[in-house]
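# Reading the structure
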2 protein chains.
Amino acid sequence: MATRIALVDDDQNILTSVSLTLEAEGFEIDCYHDGETALRGLAQRPVELAVLDIKMPRMDGMELLQKIRAGSSLPVIFLTSKDDELDEALGLGMGADDYITKPFSQRLLLARIRAVLRRASHGDMDPEGPNIVRQGELLMDPDRHLCSWKGNEVKLTVTEFLILQALAARPGMVKNRDQLMDAAYGESIFLDDRTIDSHIKRLRRKIRALDKEFDNIETLYGIGYKYRAS
Amino acid sequence: MATRIALVDDDQNILTSVSLTLEAEGFEIDCYHDGETALRGLAQRPVELAVLDIKMPRMDGMELLQKIRAGSSLPVIFLTSKDDELDEALGLGMGADDYITKPFSQRLLLARIRAVLRRASHGDMDPEGPNIVRQGELLMDPDRHLCSWKGNEVKLTVTEFLILQALAARPGMVKNRDQLMDAAYGESIFLDDRTIDSHIKRLRRKIRALDKEFDNIETLYGIGYKYRAS
DNA sequence: ATGCGTCGCCGCAATCCCGCCGCAAAGCCC
DNA sequence: GGGCTTTGCGGCGGGATTGCGGCGACGCAT
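Looking now at the packing of aromatic side chains. To describe a pair of aromatic rings, you give the distance between the ring centres and the angle between the ring planes. Residue and element names in this part refer to chain A. On inspection of all chains with the given rule, the structure shows 2 aromatic pairs over all chains. Considering the side-chain rings of W149 and F214, the 4.9 Å spacing of their centres and the 85° angle between planes classify their relative orientation as edge-to-face. Pair noted here: W149 is in strand β8 (residues 146–149) and F214 is in the loop between α8 (194–208) and β10 (217–220), with a separation of 65 residues, a long-range link. When its relative accessible area of 3% is taken as the criterion, W149 is described as buried.

Structure, rendered in structure tokens:
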């Protein structure tokens, strides 16, 4: 039996082109032009995955996601416009399984859909899935090298990103400088311990530039650092 | 015969993904959405381990744990959202065997489950398990460098932590100053015995700042110290 | 070559920790 | 009780650790 997918977008072009592609791949597609009709339709014809545009008339994707998630664990992929990374951040924070920025290729969407479906059925053990870190107000998406604090993007360098990721992925866990070094570079590299301190300094400075109160990177004297969930 | 595990969470996402993973590993999973139904279900279908979310509608994990522990010694692992919340400290103080902060990887949960099961069957001699010390109102978690007394965090330095850990890990056992020195530093170090006295002094002071009545670190004249279970 | 961003490291100041001292109080033995 | 030992505790000075500004090197694109 074919996998049924709901597609919700107010742009008729996208609706038709995407549905054609997906149907060619053997999926069954339910198209909706706005959130309200989608919600009603979903109640009658359940699907196994939903692709939602964020910006829509009458009921936008965010609201729709909330209502969907209120009653089920339906996997959801967001479509977002290029510029508002804030929206994507919020979407992910709200629990979307993945998201794609417009314009996107059909091939990419297809790959994401398959990945999300695979994860939904096999549990989270899929190593290819988006490895999104979400800790309170902090949001990190390694695939897109995206980091945001309270919805505002924080521009991080690669090294900073890896260190923060290592800390935030396991909040509360104490990491010594060697462990953070391993996370940022591979193992077996010879660098001064204090280099980590510099990166921590820059991390704190960058996030504090957005939020004076930020203090979730905690120092443990003589041990290392840990990320404190807010 | 497969090991049966109860999984209690109000988040359907977690329920499905975790249960799928665990079933793939050969466990049998009983899912519950809230504490009340879980309690009823457990009475009818006993399990060998329970994984509980702390925050749940109708009856939260804490209350559920109490009721479970009232009648059995079922191993329990907690799921928590916030790391520093003393909720977990209380949960552990109440007798949970381990806890994991969300978000967590399936791999990690699996490892914890196996560790807890192994400890439950082989006694407490498992060296890989979480090295959590729980003695009455005192709680220590070396991985997070977390120490709490009656639910309030006590900020300890590394040396203090190690000494208190050595004492509390074997309550009632007398430790002389050399033994405590070995616990804090490696063996083969040359220091004045009285240094231990200083650390004991600071430990008592820090905990007494939270609780005037604290007197579980007992002095044995001419011998050493011991931690008295309350 | 020039400009730009990143990175590793340095040096200084501030903070934290710890080992020890000295004195008073308590314990032990006679 | 007398005398000795042991412990509690305030405090102190030195050493270790960390925050932070900054600098020169390097890679990279123009």
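Let us now look at the protein's contact with DNA strand C. Around DNA strand C, the structure places 20 residues, and the nearest of them are A:T159, A:S198, B:T159, B:S198 and B:R202. A share of 72% is what sugar and phosphate atoms reach among the atoms of DNA strand C within 4 Å of the protein. A:T159 places a side-chain nitrogen or oxygen 2.5 Å from a phosphate oxygen of DNA strand C. With respect to DNA strand C, the side chain of B:Y185 contributes an N or O atom lying 2.8 Å from a phosphate oxygen.

This brings us to the sheet that holds strand β2 (residues 28–32) of chain A. All names here are of chain A. Spatially, the 5 strands line up as an open sheet ordered β2-β1-β3-β4-β5, and their pairing is parallel. Unpaired on one side and paired on the other, β2 and β5 (98–101) mark the two borders of the sheet. Mean inter-strand twist for the sheet, computed between neighbouring axes without regard to direction, equals 20°. Strand direction decides the pairing type here: strand β3 (residues 49–53) and strand β4 (residues 76–80), joined by 4 bridges, are parallel. Across the sheet, A50 pairs through a bridge with V76, a residue of β4. Packing against the sheet, helix α1 (residues 12–24) makes contact with β1 (4–8) and β2, and its axis sits at approximately 170° to β2.

Time to look at the protein's contact with DNA strand D. Taken together, 25 residues lie around DNA strand D, and A:R204, A:T219, B:R204, B:T219 and B:Y221 are the ones closest in. Near the protein, within 4 Å, the atoms of DNA strand D are sugar or phosphate in 48% of cases. One of the side-chain nitrogen or oxygen atoms of A:Y225 is found 2.8 Å away from a phosphate oxygen of DNA strand D. One of the side-chain nitrogen or oxygen atoms of B:K201 is found 3.1 Å away from a base nitrogen of DNA strand D. Sorting the residues of the surface near DNA strand D by element identifies α8 and β10 of chain A together with α8 (194–208) and β10 (217–220) of chain B as the ones contributing at least two each. A per-class count over the surface near DNA strand D returns 7 nonpolar, 4 polar and 14 charged.

Residues and elements named next belong to chain B. Under the 1.5 Å per step criterion, the end-to-end length of α8 is 21 Å for 15 residues, consistent within 8% with the ideal 21 Å. Three or more residues of α8 are buried, namely I196, D197, H199, I200, L203, R204 and I207. Burial along α8 is one-sided: seen end-on, the buried residues are contained in an arc of 165°. Along α8, exposed side chains directed more than 90 degrees from the buried face belong to R194 and R205. Where the residues of α8 are buried, they touch β8 (146–149), α6 (158–169), α7 (177–184), β10 and β11 (224–227).

Let us now look at the pairing of β8(A). Put simply, side chains in a regular strand alternate between the two faces of the sheet. All names here are of chain A. Where burial is concerned, the two faces of β8 agree: the one with L146 and S148 and the one with C147 and W149 are both buried. As paired elements, strand β7 (residues 138–141) and β8 share 4 bridges and run antiparallel to each other. Looking at the pairing, L138 lines up with W149 of β8. Pairing of β8 with strand β9 (residues 152–153) involves 2 bridges; the strand directions are antiparallel. Of the residues in β9, the one forming a bridge with W149 is N152. Hairpin connection, β8 to β9: the antiparallel pair is bridged by 2 residues, and K150 has positive phi, about 55°.

As a further point, take the sheet that holds strand β9 (residues 152–153) of chain B. All names here are of chain B. Pairing within the open sheet is antiparallel, and its 4 strands lie in the order β6-β7-β8-β9. The open sheet has two edge strands, β6 (133–135) and β9, and neither has a second partner. Contacts from α6 reach β6, β7 (138–141) and β8 within the one sheet, and its direction differs from that of β7 by about 120°.

A word on the packing of α6(B) against α8(B). All names here are of chain B. In the contact formed by α6 and α8, the axes pass within 10 Å of each other and the chain directions differ by 85°. It follows that α6 is roughly perpendicular to α8 by the angle criterion. Of the residues in α8, those touching α6 at T159, E160, I163, L164 and L167 are I196, H199, I200, R202, L203, K206 and I207. Of the residues belonging to the contact of α6 with α8, the class tally is 7 nonpolar, 2 polar and 3 charged.

Parameters and conventions
- Residues numbered from 1 in each chain as written.
- Chains lettered and ligands numbered in written order.
- Predicted model: local features only at pLDDT ≥ 70, side-chain atom pairs only at ≥ 80, totals over all residues.
- Heavy atoms only, no water.
- Phe/Tyr/Trp six-rings, centres within 6.5 Å; stacked < 30°, edge-to-face > 60°.
- Helix = DSSP H or I, 4+ residues; strand = E, 2+ residues; numbered from the N terminus.
- Buried < 20%, exposed > 50% of the residue type's maximum accessible area, 1.4 Å probe, protein only.
- Near = heavy atom within 4 Å.
- Polar contact = N/O pair within 3.5 Å; in protein donor to acceptor, adjacent residues only side chain to side chain.
- Pairing = 2+ DSSP bridges.
- Axes fitted to C-alpha atoms, helices over the stretch in contact; angles between N-to-C directions.
- Contact = heavy atoms within 4.5 Å.
- Nonpolar A, V, L, I, M, F, W, Y, C, P; charged D, E, K, R; others polar.
- Expected span 1.5 Å × (residues − 1).
- Arc of directions from axis to C-beta.
- Parallel < 35°, antiparallel > 145°, perpendicular 65-115°, else oblique.

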